[in-house]
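# A look at the structure
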Amino acid sequence: MSYRKHRRKQIASERIQRLFHLAEQQALQSNMALAHRYIALARKLSMRYLVRLTSQQRRRICTSCYHYLMPGANCRVRTGNRQLTVTCQECGAIMRFPYHR
């Protein structure tokens, strides 16, 4: 991979990380519309520059409506039989993640 292409991916991943941080701040201030917009921009950057989102970032996005998920605000989190169940309150989608003790 050339230096220029590597540098573009690095800048894109830094911007994605910054957008997730801004989305979290806006969600804490109850401005969910702006948080959803930041997530949409982060997804666009990820797709354009072929940068994978981290597992922590992927868990913060609904897989159906692509909205930012903030536990207690617009999603419900339950622990069950060796899995974490996250239900989006925006669209009703259910996401299940395994976990081990």
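Everything below is about the structure shown above.
Attention here is on the structure that accompanies the text. (Residues numbered from 1 in each chain as written. Predicted model: local features only at pLDDT ≥ 70, side-chain atom pairs only at ≥ 80, totals over all residues. Heavy atoms only, no water.)

## Quick look at the sheet that holds strand 1 (residues 75–79)
Just so we agree on the cut-off: Strands pair, by our definition, only if DSSP identifies at least two bridges between them. The helix count covers DSSP runs of H or I at least four residues long, the strand count covers runs of E at least two residues long, and both are numbered beginning at the N terminus. Only the stretch in contact is used when a helix axis is fitted, and all axes are lines through C-alpha atoms; the angle between N-to-C directions ranges over 0 to 180 degrees.
Reading across the sheet, the three strands line up as 1-2-3 and stay open at both edges, with antiparallel pairing between neighbours. Every other strand in the sheet has two partners, leaving strand 1 and strand 3 (94–98) as the edge strands with one partner each. The average angle at which neighbouring strand axes cross in this sheet is 20°, direction not considered. As judged from the five bridges shared by strand 2 (residues 83–88) and strand 3, these two strands associate in the antiparallel manner. Within the sheet, the bridge partner assigned to Gln83 lies in strand 3 and is Pro98.

## Side note on helix 1 (residues 3–28)
Inclusion rule: Expected helix span is given by 1.5 Å per residue-to-residue step, counting one fewer step than there are residues. Here's how the labels work: a residue is buried when its accessible area is under 20% of the maximum for its type, exposed when over 50%, partly exposed in between, all with a 1.4 Å probe on protein chains only. Working rule for contacts: check all heavy atoms of both residues, and any pair within 4.5 Å makes them a contact.
Relative to the 38 Å expected for 26 residues at 1.5 Å per residue, helix 1 spans 38 Å between its end C-alpha atoms, a close match to the ideal helical length. Among the residues making up helix 1, those that are buried are Ala12, Ile16, Leu19, Phe20, Leu22, Ala23, Gln26 and Ala27. Packing partners of the buried residues in helix 1 comprise helix 2 (32–48) and helix 3 (55–59). Phi for Ser30, located one or two positions after helix 1, is positive at around 65°.

## Concerning the side chain of His36
Within the fold, His36 resides in helix 2. His36 sits in the buried class, given a relative accessible area of 14%. Contact partners of His36, with chain neighbours within four places excluded, come to His67, Tyr68, Asn74 and Glu90.

## Thoughts on the pairing of strand 3
Looking along a regular strand, one sees side chains alternate from face to face of the sheet. Residues Met95 and Phe97 point to one face of strand 3 and are all buried, whereas Ile94, Arg96 and Pro98, pointing to the other face, are not buried. Counting the residues in the hairpin turn of strand 2 and strand 3 gives five residues, including Gly92, whose phi is positive at 90°.

## Re the packing of aromatic side chains
Which entries qualify depends on this criterion: Here a Phe, Tyr or Trp ring, Trp counted by its six-membered ring, pairs with any other such ring whose centre lies within 6.5 Å, and the pair is stacked when the planes are under 30 degrees apart, edge-to-face when over 60, and tilted otherwise. Criterion for a charge above a ring: Arg CZ or Lys NZ at most 6 Å from the ring centre, at most 35 degrees from the ring normal.
A full pass over the atoms with the stated rule returns zero aromatic pairs. Between the NZ or CZ atom of Arg43 and the centre of the ring of Tyr66, over which it lies, the distance is 3.7 Å.

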